[in-house]
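Examination of the molecular architecture
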Amino acid sequence: MPQTVTRFAPSPTGPLHTGHALAALVAHDLARRAGGRFLLRFEDIDTARCRPEYEAGTCTDLAWLGLAWDAPPWRQSARLDTYRAALDALIERGLAYPCFCTRRDIAAEVARMGAAPHGPEGPLYPGTCRPLTADERAARLADGAVAAWRLDAAACSAVAGPLRFTEHGRGPGGERGEIAVDPALLGDVVLGRRDLGVAYHLACVADAAAQGVTLVTRGEDLLPATHVQRLLQAVLGLPAPAYHHHGLVRDAAGRRLAKRDAARSLAALRETGTDPAMLAAELRSLAGLSI
Ligand code: GLU
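In short, a report on the structure. Keep in mind it's a predicted model, so treat the numbers as computed, not measured. (Residues numbered from 1 in each chain as written. Predicted model: local features only at pLDDT ≥ 70, side-chain atom pairs only at ≥ 80, totals over all residues. Heavy atoms only, no water.)

Re the nonpolar core
Ranked by internal contacts, the top residues of the largest apolar core, which has 28 residues, are Leu90, Leu151, Leu191, Leu202 and Leu232. For this core, the secondary structure elements donating two or more residues are helix H3 (80-92), strand S7 (148-151), helix H6 (153-160), helix H7 (200-210) and helix H8 (223-236). Tallying contributions element by element places H8 first for this core, with five residues. Once residues within four sequence positions are removed from consideration, Leu191 is found in contact with Leu87, Leu90, Ala96, Trp149, Arg150, Leu151, Gly197, Val198, Ala199, Leu202 and Leu232. Counting 27 residues, the second largest nonpolar core, distinct from the first, contains Val26, Leu215, Leu279 and Leu283. (Core = buried A, V, L, I, M, F, W, Y, C linked by side-chain atoms within 4.5 Å. Buried < 20%, exposed > 50% of the residue type's maximum accessible area, 1.4 Å probe, protein only. Helix = DSSP H or I, 4+ residues; strand = E, 2+ residues; numbered from the N terminus. Contact = heavy atoms within 4.5 Å.)

Structure (structure tokens):
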């Protein structure tokens, strides 16, 4: 068995709250329990929204919670060439295509279709640009149109065949074990953003492979992402880590926490005298962790 390697991968776009603390504790504890390694990665490809002070705050927050990571943190902003190379390989193989649609175009097409395909969080990309021919694509790109690049989920699925991922936490419906991948769950997701050239899913799978992550732990809100990421691993020939999706911390009204809820930030809790050991113990018991 390879050594267990987990990671906590926040986007430094705001202060961490107790939901992030739970995610960090799960990643940390599952690595420690297995005698493995716990890594920290900043998902900061969206440089306009990310701030160094949020990275520094993350390190302070984790230390306050008593969590130490095992290697210098990675920054996705330093690895854009790697993600771009992976995207180029997919484009070359006809597994990604340029999309010229604006958000408004997509909304109009979804409205026009009436019964557009839906995913867990609303309408999926309706596939407007998928049927463009190679000549049409080349002409629009040569005209200076700026494209996003989308995964051709059906083409990838045809290449990859049926897939599964191993769930150690709460899979769909709460079950563990081998979960069948639904390659169409999120549709043709963006792999290369129009403004940045890269995007979350591809960066996430490229990093898991490069960092040797064997167990991806994250909130169950990201469970749908696992389907598309497993598909990407398969077509890129990357190893498939296991997954542990955990429940989310919710407010009194049952809503999941957001970075805008600054009053619930770890920094605010620290400043108002919260005992970090007690907070960590409460979150561990919420997540069913015992270490
Ligand atoms: N960067 C993502 C976030 O902060 C987490 C992504 C992941 O764990 O895969 O929500």
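Once you've had a look at it, read on.
Details of the sheet that holds strand S1 (residues 5-8)
Pairing is parallel in the open sheet, where three strands are placed in the order S1-S2-S3. The sheet is open, and its two edges are formed by S1 and strand S3 (74-75), each paired on a single side. Strand direction decides the pairing type here: S1 and strand S2 (residues 37-42), joined by four bridges, are parallel. Looking at the pairing, Val5 lines up with Arg37 of S2. Helix-sheet contacts for helix H2 (residues 52-64) involve S1, S2 and S3, and the interaxial angle to S2 is about 155°. (Pairing = 2+ DSSP bridges. Axes fitted to C-alpha atoms, helices over the stretch in contact; angles between N-to-C directions.)

A closer look at the pattern of salt bridges
Per the stated rule, a full pass over the model turns up 14 salt bridges. Taking the shortest distance from any N to any O, the salt bridge between Asp29 and Arg284 comes out at 2.5 Å. In this pair, Asp29 sits in helix H1 (residues 18-33) while Arg284 sits in helix H10 (residues 276-286), placing the two residues 255 residues apart along the sequence. Judged by its relative accessible area of 18%, Arg284 is buried. Across the pair Asp70 and Arg32 runs a salt bridge whose closest N-O atoms are separated by 3.1 Å. Note that Asp70 is positioned in the loop between H2 and S3 and Arg32 in helix H1, a separation of 38 residues in sequence. Assessed through its relative accessible area of 35%, Asp70 is described here as partly exposed. Note on Arg32: relative accessible area 31%, which makes it partly exposed. Each member of the salt-bridge network shares a partner with another, and the members are Arg41, Glu43, Arg79 and Asp207. (Salt bridge = Lys/Arg side-chain N within 4 Å of Asp/Glu carboxyl O.)

A few points about the packing of aromatic side chains
For the structure shown, the criterion picks out one aromatic pair. Their ring planes at 75° and their centres at 5.7 Å tell us that Phe165 and Tyr243 sit as a pair that is edge-to-face. One end of the pair, Phe165, is in strand S8 (residues 164-167); the other, Tyr243, is in strand S12 (residues 242-246), and 78 residues separate them in sequence. By relative accessible area, Phe165 is classed as buried at 1%. Owing to a relative accessible area of 1%, Tyr243 belongs among the buried residues under this scheme. Over the face of the ring belonging to Tyr125 we find Arg150, whose NZ or CZ atom lies 3.7 Å from the ring centre. Between Arg270 and the ring centre of Trp64, over which it is positioned, the NZ or CZ distance is 5.5 Å. (Phe/Tyr/Trp six-rings, centres within 6.5 Å; stacked < 30°, edge-to-face > 60°. Lys NZ or Arg CZ within 6 Å of the ring centre and 35° of its normal.)

Observations concerning the site of the ligand
As a structural note, the neighbourhood of the ligand is formed by Arg7, Ala9, Pro10, Ser11, Glu43, Tyr200, Cys204, Arg218 and Leu222. Arg7 has a polar side-chain atom sitting 2.7 Å from an oxygen atom of the ligand. For the ligand, the protein covers 78% of the area, taking 300 Å² as the surface of the free molecule. Looking at the shell around the ligand, its residues break down into five nonpolar, one polar and three charged. (Near = heavy atom within 4 Å. Polar contact = N/O pair within 3.5 Å; in protein donor to acceptor, adjacent residues only side chain to side chain. Areas by Shrake-Rupley, 256 points an atom, 1.4 Å probe, with all protein chains shown as cover. Nonpolar A, V, L, I, M, F, W, Y, C, P; charged D, E, K, R; others polar.)

So, the side chain of Arg137
Within the element layout of this structure, Arg137 appears in helix H5 (residues 134-142). This buried residue, Arg137, is left without a salt bridge; Asp152 holds the nearest opposite charge, at 6.1 Å. Within the local environment of Arg137, its side chain forms a polar contact with the backbone oxygen of Arg130, the two atoms lying 2.7 Å apart. Setting aside residues up to four positions removed in sequence, Arg137 forms contacts with Tyr97, Pro98, Phe100, Cys129, Arg130 and Leu132. (Lys, Arg positive; Asp, Glu negative; His and termini not counted.)

Looking at the sheet that holds S7
One open sheet accounts for three strands, arranged S4-S7-S10; its pairing is antiparallel. In this open sheet, the two strands that pair with only one neighbour each are strand S4 (96-99) and strand S10 (190-192). This sheet shows a mean twist of 45° between the axes of neighbouring strands, independent of strand direction. Relative to S10, S7 is paired through two bridges, and the arrangement is antiparallel. If you follow Trp149 over to S10, its bridge partner there is Gly192.

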